[in-house]
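# Observations on the three-dimensional arrangement
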Amino acid sequence: QVQLVESGGGLVQAGGSLRLSCAASGRTSDIYRMAWFRQAPNKEREFVAAITWFGGSTYYADSMKGRFAISRDSAKPTLYLQMNSLKPEDTAVYYCAADAHVGRLYSYASKYDYWGQGTQVTVSS
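Residues numbered from 1 in each chain as written. Predicted model: local features only at pLDDT ≥ 70, side-chain atom pairs only at ≥ 80, totals over all residues. Heavy atoms only, no water.

### So, the overall build of the chain
The helix and strand tally for the chain stands at 0 helices and 11 strands. Of the regular secondary structure in the chain, the N- to C-terminal order runs β-β-β-β-β-β-β-β-β-β-β. In terms of overall dimensions, the chain is globule-like: its C-alpha atoms have a radius of gyration of 13 Å, near the 14 Å expected for 125 residues. The principal-axis extents of the C-alpha atoms in the chain amount to approximately 40 × 25 × 25 Å. For the chain, with 125 residues in total, the buried portion stands at 43%. For the chain, contacts bridging at least 24 residues in sequence account for 56% of all contacts bridging at least 6. (Helix = DSSP H or I, 4+ residues; strand = E, 2+ residues; numbered from the N terminus. Rg over C-alpha atoms; globule rule 2.2 N^0.38 Å. Buried < 20%, exposed > 50% of the residue type's maximum accessible area, 1.4 Å probe, protein only. Contact = heavy atoms within 4.5 Å.)

### Quick word on the pairing of strand E7 (residues 68–73)
Sheet topology places E7 next to strand E8 (residues 78–83); 6 bridges connect them, and they run antiparallel. Along E8, the bridge assignment pairs Phe68 with Met83. Linkage of E7 to E8, two consecutive antiparallel strands, is achieved through a turn of 4 residues. (Pairing = 2+ DSSP bridges.)

### Considerations on the pairing of strand E5 (residues 46–52)
Within E5, 6 of the 7 residues are buried, which leaves the element mostly enclosed by the surrounding structure. With 6 bridges joining them, strand E4 (residues 33–39) and E5 adopt antiparallel strand pairing. Note that in E5 the partner of Arg33 across the bridge is Thr52. Counting the residues between successive antiparallel strands, the hairpin from E4 to E5 contains 6 residues, one of them, Asn42, with a positive phi of roughly 65 degrees. With 3 bridges connecting them, E5 and strand E6 (residues 58–60) associate as antiparallel partners. Of the residues in E6, the one forming a bridge with Ile51 is Thr58.

### Considerations on the state of the cysteines
Inspection of the entire model under this criterion finds 1 disulfide. Bridging Cys22 to Cys96, the disulfide has an S-S length of 2.1 Å. The chirality of the disulfide connecting Cys22 with Cys96 is left-handed, given an S-S dihedral of about -80 degrees. Highlighted residues: Cys22 in strand E3 (residues 18–26) and Cys96 in strand E9 (residues 92–99), separated in sequence by 74 residues. (Disulfide = S-S within 2.5 Å.)

See below:
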C-alpha cells in the first residue's frame, strides 16, 4: 500500500503561481510512476502530468506544457507540481496518483493504483 497526501492548494489570481506537494508513505519502493490529475466541477478527471520515479522522465498534457512542471524527491519521498501563469480554467481539485506497474500508458487514470485526497486550486479572473 502507498499513502498519498496532497497540499499547497489555495486561491490565486490569474497569472499567479502555486506549488503543490504530495507526500508519499508506505511501500514507496513499489512506485514506478507518479502523476497529477485534476477534476473540475461537472467534468471528468483530467491528466495533468506524470513522472517516472527512478528515471525522472516527464510527460505533460498539451495544455500544461510550458506552464506546469512536475518533479519529485525520491528520498523524502515527495511529488511536486509547480504551476505558473495560472488561468481560471485551471480551477479544479488536484489529485496525486501513484502507479506500481511498469507500463507506457501514463495519462489514463485507470492505470494508477493509489490516490491522494486532493487539494483545491482556485484561480480567480
